[in-house]
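Survey of secondary and tertiary structure
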Amino acid sequence: MFVQIEDLVYQYRNASEPAIKNFSLQLNEGEIIAILGESGSGKSTILRLLAGLETPKSGMIIINGQKMVDDHTFIPPEKRGIGMVFQDYALFPHMTVENNIKFGLRHMTSKQKQKRIEEMLELVNLLDYKKRYPYELSGGQQQRVALARALAPAPSLLLFDEPFSNLDASLQMKIRDELKQILKQTKSTSIFVTHDQVDAAALADRTVLIEKGVVKNISKVEPPKSY
Ligand code: ADP
Ligand code: ADP
């Protein structure tokens, strides 16, 4: 198993009951999972636990053979090798596209960084936009830069929190399909959270339905029929 999440329990300090109750999930390498649930069901909390922004009360997380969390272990967020694409604070507004992507690249020479930036911009089809600032891009283009930035350090796991919710409906479909293609091409193991069943089915290999912090159902998405 590439990602192993076992029995996570989490309770917010001022809450009367846990937001996450015995959450378990396994992912194969390259698999795309969608976590589906209503507002308040615990989706964002699970992403924060995976990212290391919250510490669970109990449970275990292993990613690519490395223990991130258990009763005796807590690897901090910057050492988890996780890439994140969130809906709101997607890009740094005062940095060009290329500097946004460069920001997450460490331990590389300038030349290697430049090469990686070019590769990523080619992947998301934005090579001509290197010198632009986020406000000079459309919503869909900004979302693609955010993806390029998340993918640049070659993370072992990618997390997406409602990545399309700020885009209009027609663009959502286009970006969703592009994104799936890129994730499959780069064999990126990914977890999405969404409240949209259509998004979940279009993107994921499997969907996990969560209600009040409890996994209700896990189902395999059937590939679309071809005619
Ligand atoms: P979702 O992402 O599915 O909308 P969340 O993970 O944000 O759900 O929230 C799960 C539950 O935890 C909800 O009942 C929510 O009210 C509660 N919650 C979220 N953030 C906090 C917080 N900072 N303090 C207390 N309770 C919170
Ligand atoms: P995408 O489908 O990639 O999101 P759009 O169809 O929304 O692109 O935009 C088409 C073109 O309009 C793009 O080439 C983009 O450069 C330009 N554009 C969109 N919004 C802006 C903006 N706020 N400032 C400058 N150019 C923009």
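The rules behind each value
Residues numbered from 1 in each chain as written. Chains lettered and ligands numbered in written order. Predicted model: local features only at pLDDT ≥ 70, side-chain atom pairs only at ≥ 80, totals over all residues. Heavy atoms only, no water. Helix = DSSP H or I, 4+ residues; strand = E, 2+ residues; numbered from the N terminus. Rg over C-alpha atoms; globule rule 2.2 N^0.38 Å. Buried < 20%, exposed > 50% of the residue type's maximum accessible area, 1.4 Å probe, protein only. Contact = heavy atoms within 4.5 Å. Near = heavy atom within 4 Å. Polar contact = N/O pair within 3.5 Å; in protein donor to acceptor, adjacent residues only side chain to side chain. Areas by Shrake-Rupley, 256 points an atom, 1.4 Å probe, with all protein chains shown as cover. Nonpolar A, V, L, I, M, F, W, Y, C, P; charged D, E, K, R; others polar. Axes fitted to C-alpha atoms, helices over the stretch in contact; angles between N-to-C directions. Parallel < 35°, antiparallel > 145°, perpendicular 65-115°, else oblique. Left-handed = near helix turned anticlockwise from the far one by under 90°. Pairing = 2+ DSSP bridges. pLDDT = per-residue confidence, 0-100.

**Some points on the overall build of the protein chain**
- A tally of regular secondary structure across the protein chain gives six helices and 11 strands.
- For the protein chain, the C-alpha radius of gyration of 18 Å lies close to 17 Å, the compact-globule estimate for 227 residues.
- Taken over the C-alpha atoms alone, the protein chain extends approximately 50 × 45 × 35 Å along its principal axes.
- Out of the 227 residues belonging to the protein chain, those deemed buried represent 48%.
- In the protein chain, the share of contacts with a sequence separation of at least 24, taken over all contacts with a separation of at least 6, comes to 65%.

**A short note on the site of ligand 1**
- If you check the shell around ligand 1, you find Tyr12, Asn14, Ala19, Glu38, Ser39, Gly40, Ser41, Gly42, Lys43, Ser44, Thr45 and Arg48 and nothing else.
- Glutamate 38 is positioned such that a nitrogen or oxygen atom in its backbone is 3.5 Å from an oxygen atom of ligand 1.
- Within the side chain of serine 44, an N or O atom sits 2.8 Å from an oxygen atom of ligand 1.
- When isolated, ligand 1 has an accessible area of 560 Å², and the protein chains bury 58% of it.
- For the shell around ligand 1, the per-class residue count stands at two nonpolar, seven polar and three charged.

**Here we look at the packing of helix H4 (residues 139-151) against helix H5 (residues 169-185)**
- For the pair H4 and H5, the least separation of the axes is 10 Å and the interaxial angle reads 20 degrees. Relative to H5, H4 is oriented roughly parallel. Where H4 crosses over H5, the handedness of that crossing is right-handed. Every residue of H5 that contacts H4 at Gly139, Gly140, Gln143, Arg144, Leu147 and Leu151 is listed here: Leu171, Lys174, Ile175, Glu178, Leu179 and Ile182.

**What to know about the sheet that holds strand E9 (residues 190-194)**
- With mixed pairing, six strands are arranged side by side in an open sheet as E7-E8-E9-E3-E10-E11. Of all the strands in the sheet, the pair left with one neighbour each is strand E7 (82-86) and strand E11 (214-220). The average undirected angle you get between the axes of adjacent strands in this sheet is 20 degrees.
- Taken together, the four bridges between strand E8 (residues 157-161) and E9 define a ladder with parallel strand orientation. Bridging across to E9, phenylalanine 160 finds its partner in phenylalanine 192.

**A word on the site of ligand 2**
- Surveying the vicinity of ligand 2 reveals the residues Tyr129, Arg132, Tyr135, Glu136, Leu137, Ser138, Gly140, Gln141, Arg144, Leu171 and Lys174.
- A distance of 2.6 Å separates an oxygen atom of ligand 2 from a polar atom in the side chain of lysine 174.
- The fraction of the free accessible surface of ligand 2 (560 Å²) that becomes covered by protein chains is 50%.
- Elements that contribute at least two residues to the shell around ligand 2 include exactly H4 and H5.
- With three residues, the top contributor of residues to the shell around ligand 2 is H4.
- In terms of residue class, the shell around ligand 2 is built from four nonpolar, three polar and four charged.

**Some remarks on the pairing of E7**
- Burial runs high along E7: four of the five residues are buried.
- Note: E7 against E8, five bridges, orientation parallel. Counterpart to glycine 83 in the pairing with E8 is leucine 158.

**What about the confidence of the model for the protein chain?**
- Across the protein chain, the average pLDDT comes to 92, with 98% of residues at 70 or higher.
- Predicted complex metrics record ipTM = 0.69 and pTM = 0.85.

**Side note on the pairing of strand E10 (residues 206-211)**
- Pairing analysis gives four bridges linking strand E3 (residues 32-36) to E10, with the strands arranged parallel. Looking at E10, one finds that isoleucine 35 is bridged to valine 208.
- When E10 meets E11, the two strands line up antiparallel, connected through six bridges. By the bridge assignment for E11, leucine 209 is matched with asparagine 217.
- The loop that links E10 with its antiparallel partner E11 comprises two residues; one of these, lysine 212, has a positive phi angle of about 45 degrees.

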